[in-house]
Structures are given as C-alpha cells and as structure tokens.
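Each chain, written out:
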Amino acid sequence: MKNRIPVVLLACGSFNPITNMHLRLFEVARDHLHQTGMYQVIEGIISPVNDSYGKKDLVASHHRVAMAQLALQTSDWIRVDPWESEQAQWIETVKVLRHHRSQLLKSSAQTEDPDPSKTPSASAALPELKLLCGADILKTFQTPNLWKEEHIQEIVEKFGLVCVSRSGHDPKGYILDSPILRQFQHNIHLAREPIQNEISATKIRKALGQGQSVKYLLPDAVITYIRDHGLYNNGSSWKGKGKIS
Amino acid sequence: MYQVIEGIISPVNDSYGKKDLVASHHRVAMAQLALQTSDWIRVDPWESEQAQWIETVKVLRHHRSQLLKSSAQTEDPDPSKTPSASAALPELKLLCGADILKTFQTPNLWKEEHIQEIVEKFGLVCVSRSGHDPKGYILDSPILRQFQHNIHLAREPIQNEISATKIRKALGQGQSVKYLLPDAVITYIRDHGLYNNGSSWKGKGKIS
C-alpha cells in the first residue's frame, strides 16, 4: 500500500475573532486532501497575526490567541500557535511557514518511532507544511506590491497551498491568470466548501457592536470570553444575551 | 414593543413522509442536545407524538392553549418582579424562514383559512434568507397584505446557508460537519448511525 504523505495545515490571519467559518476551513481542507488518496493530514495550526499588522479593530493578540484556544478545545487535531503574534513586529507569511517547517524538522528528528506498523497510513516521511487559506487570498496575490514575487513562488513551490473556495471567487481563474501559480498549480489544492458559510469576522464584530446575538456562529466559549473581557462592544456596556438593558 | 420569553422547536410528525426523515424520537433528541446551552429555547415533542401529521395552525392552537393554562396557574403576587413583561397573556408567533412566506402562494399547499388564522390570530416572524423577497411575497398576497402589521420581517445579518439537506449529503459522503452542528448532535448522529446511507461510519476524518 502506498504511504500517504503526512501534511500539516497552517492558517494565518487576524482571527479577530475566530469563527466557525475559520474552523470549517480546516475540516473541509482535511476532507479534500484525504479524498485525493495521497495525503494524511496530521495536524492543523492556527497562527494569529501580530498586533503590529495594524489592521483596524484588531484586538490584542493575547485575546485572539486565547479565543482560538477556547474554540479549539473540542478539536483533536488543530491547535493555535502564538509564535507569530509574539514576535517584535509583523512578519511575512513565508517566514511564518519557514519557522513552522523548521519546528517540524526538529520534532521529527527527535521522535524516532521504532514500530512502523503503528502509523500505517502515514509514511515515515517528513510532513509537508501547507498554507491553508480561503480562495480570496489567491486573489490577493494579484494585488500590486502586496506580496513579494519571490515569496509567492516560495510559498507555492516549497510549501504548497490548500485553498477553500468562497462564493464570488474563481480560484481556477486566479491560478490561470498568474504565471507563477500556473507553473506550480500541481501544488495548489482547491477544496470546495460544500456548505455555503459566509461568517465573516467583520460582520461578527459589527453584530457584537450592535448588541446582537452571535450565538451559533462562534463557539460558546469564545462568546463568553468576548463578553467577560468586554471586547468588540465599541465601549458600550454589555447588554447581555438578548436581555433588555 | 416585545419581550421574547420563550422559544419552542416543534419537530414534524414522522407521517409527514418527507424523504430521508429519520424517526422523530431521534430528531427530538438531537434538538434537545443542541438546546442544552440555550436558556430560553426548548423542544416540544407534542406534534411528533400525535397519531399523524397535523397542520401548522393546529400546532399553534395547541401551544396557545398550553400557554393559557400555565398563565392561569401562575399568579405572580409581585408585579415588580417582571418589570419588562406585563401580566398580559403571551402572544404565540410562528417563526419561519422567508421561504415559508413564499410557500403560501403554492396552490393547494395551505388552506386559505389557515393562512388567515396564522397571520391574524397569531402572527409571523420571518427571518430573511438570500434569494427571497419577503416584502414582495406579502404585497403579492391579499391576506398577507391585510395583516402585514402582524408579520415581522427580521434580517439575518450574517449569511449562513447551512441547509439540513446539504448536511445529510455531507454525512452520507463521510465528510466532516463539525462547526456546522453542535458537537453533541454530531456525536448523537454517529452513535446512532444516522444519515450514513447504510455505510459504516468512517469516523472524524480518519481514513477507513
């Protein structure tokens, strides 16, 4: 039986706050890679962006990391890694990928599994680290001066992309429009989210700012955290879950 | 104008005969699990326990009489205890997606007198979905137009198209539905082998 290539999925982003849609990206990507028959996804990593990225309404990274941890309590394969957020300043995505790959190298060197039959479907090969993103990120590769050309190439050539489609985006088109992406399209996996789910963190923040319920759009533990720490409420007092103040 | 004091989920009777409908005791159990974290919504199995399918207006009538009975029983001596809800009888309203408003137009699906009773005696709260124009459906119908003051149109600000049909399909194909349903419901589905088209459960993403 041919061994599957072990894969680790890394998602970068604001996670401001983390939503069920972010979490779905991982599930959809894993199903997609497994269905190719070629991969075994062994881990997922959420890497919240550094505070100095300067995005509007970005709450402090220790909050965003804590919320992701709460959201991932019920996941047995995805974890949050605060390394990127703890750096002195914002670092480019390709450097985050390089860091996590060297971490994978170190831990692979340390763990020697004497019993090869224990992991029958994942080979003893080094895990491949792939960048997980929505198809809208593919589109941003076209934005002038947003990404360095050599970084785009390193990402698709040395790592690989797993893009989960979102409505209104044409990932195949973005690939064909770009020489670099076309050249390494074998390393770009397009996964379809079968269940349309447009829970944007921007809309979540807006709803929270207006005192509207976001229950069932984020994990309960994250909603509780947001309330306990007074996040995303535009400074107004917390109205409570639907109670009239 | 309103204080919502309770929400009730009423799963349909098995004899409704919809394709792929699993036994009502399962659907009631799954709703109970999903509602564990809600402090105001509950599931009521009365409709599903009747001998056969009953029309929506009769379910409304039943629950209103239940509300009448419990209001008669609870006498609150201290009116200041519930400052925001009056001692008035609660109004029972039918909550639905805007697509249901559209089905009122389907010939022979609803009885005219039932539509009237629902919008006149009870009231509707419709939550909008993409692709539907609830205001248009109201204006197109004389009965709905007449009682439009009793039809409340709520906008779902966050587009969220999680259809149960797609969920069943994903489950049938062994795909993950985590983060689309409450975990407790997913566990229940797996433990009882529901929606898997008879194939063995593959587990959460593990290769079979």
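Residues numbered from 1 in each chain as written. Chains lettered and ligands numbered in written order. Predicted model: local features only at pLDDT ≥ 70, side-chain atom pairs only at ≥ 80, totals over all residues. Heavy atoms only, no water.

An unreviewed UniProt entry lists chain B under the name Nicotinamide-nucleotide adenylyltransferase, with Mesocricetus auratus given as the organism. For the record of chain B, the UniProt heading Sequence similarities (unreviewed entry) holds the text "Belongs to the eukaryotic NMN adenylyltransferase family." (UniProt positions renumbered as here; feature names shortened; annotations may be inferred.)

If you check an unreviewed UniProt entry, chain A appears there as Nicotinamide-nucleotide adenylyltransferase from Mesocricetus auratus. Taken from UniProt, the Subcellular location (unreviewed entry) comment for chain A reads in full: "Mitochondrion". In its Sequence similarities (unreviewed entry) section, UniProt records this for chain A: "Belongs to the eukaryotic NMN adenylyltransferase family."

Asks: Explain the pattern of salt bridges to me, using residue names and the numbers behind them.
Replies: Residue and element names in this part refer to chain A. Tallied over the entire structure, the rule returns 20 salt bridges over all chains. Across the pair Arg24 and Glu193 runs a salt bridge whose closest N-O atoms are separated by 3.2 Å. Of the two residues, Arg24 is situated in helix α1 (residues 20-35) and Glu193 in the loop between β6 (188-191) and α9 (201-209); the sequence distance between them amounts to 169 residues. Across the pair, exposure class does not vary: Arg24 and Glu193 are buried alike. (Salt bridge = Lys/Arg side-chain N within 4 Å of Asp/Glu carboxyl O. Helix = DSSP H or I, 4+ residues; strand = E, 2+ residues; numbered from the N terminus. Buried < 20%, exposed > 50% of the residue type's maximum accessible area, 1.4 Å probe, protein only.)

Asks: Describe the environment of A:Gln69, naming the residues involved and giving the relevant values.
Replies: Within the element layout of this structure, A:Gln69 appears in helix α2 (residues 61-71). Each C-alpha atom, one on A:Gln69 and one on A:Trp83, is 14 Å from the other, the two residues being 14 residues apart in sequence.

Asks: So what about the confidence of the model for chain B? Which residues, and what values?
Replies: Predicted confidence across chain B gives a mean pLDDT of 87, with 88% of residues reaching 70 or more. Confidence drops under a pLDDT of 50 for residues 200-208 of chain B, and excluding neighbours within four residues, the segment shows 12 contacts in the predicted structure. (pLDDT = per-residue confidence, 0-100. Contact = heavy atoms within 4.5 Å.)

Asks: Explain the domain arrangement of chain B residue by residue, including any values.
Replies: When the domains of chain B are assigned, the result is domain 1 (1-54 + 163-191) and domain 2 (91-160). Relative placement of domain 1 of chain B and domain 2 of chain B: their C-alpha centres are 22 Å apart. (Domains from an automatic or database assignment.)

Asks: Let's hear about helix α10 (residues 220-228) of chain A: which residues, and what values?
Replies: All names here are of chain A. Among the residues making up α10, those that are buried are Val222, Ile223, Tyr225 and Ile226. One face of α10 carries all of its buried residues, which in axial projection span an arc of 160°. Buried-residue contacts for α10 involve α2 and α9. Gly230 occupies a position one or two residues after α10 and carries a positive phi of about 60°. (Arc of directions from axis to C-beta.)

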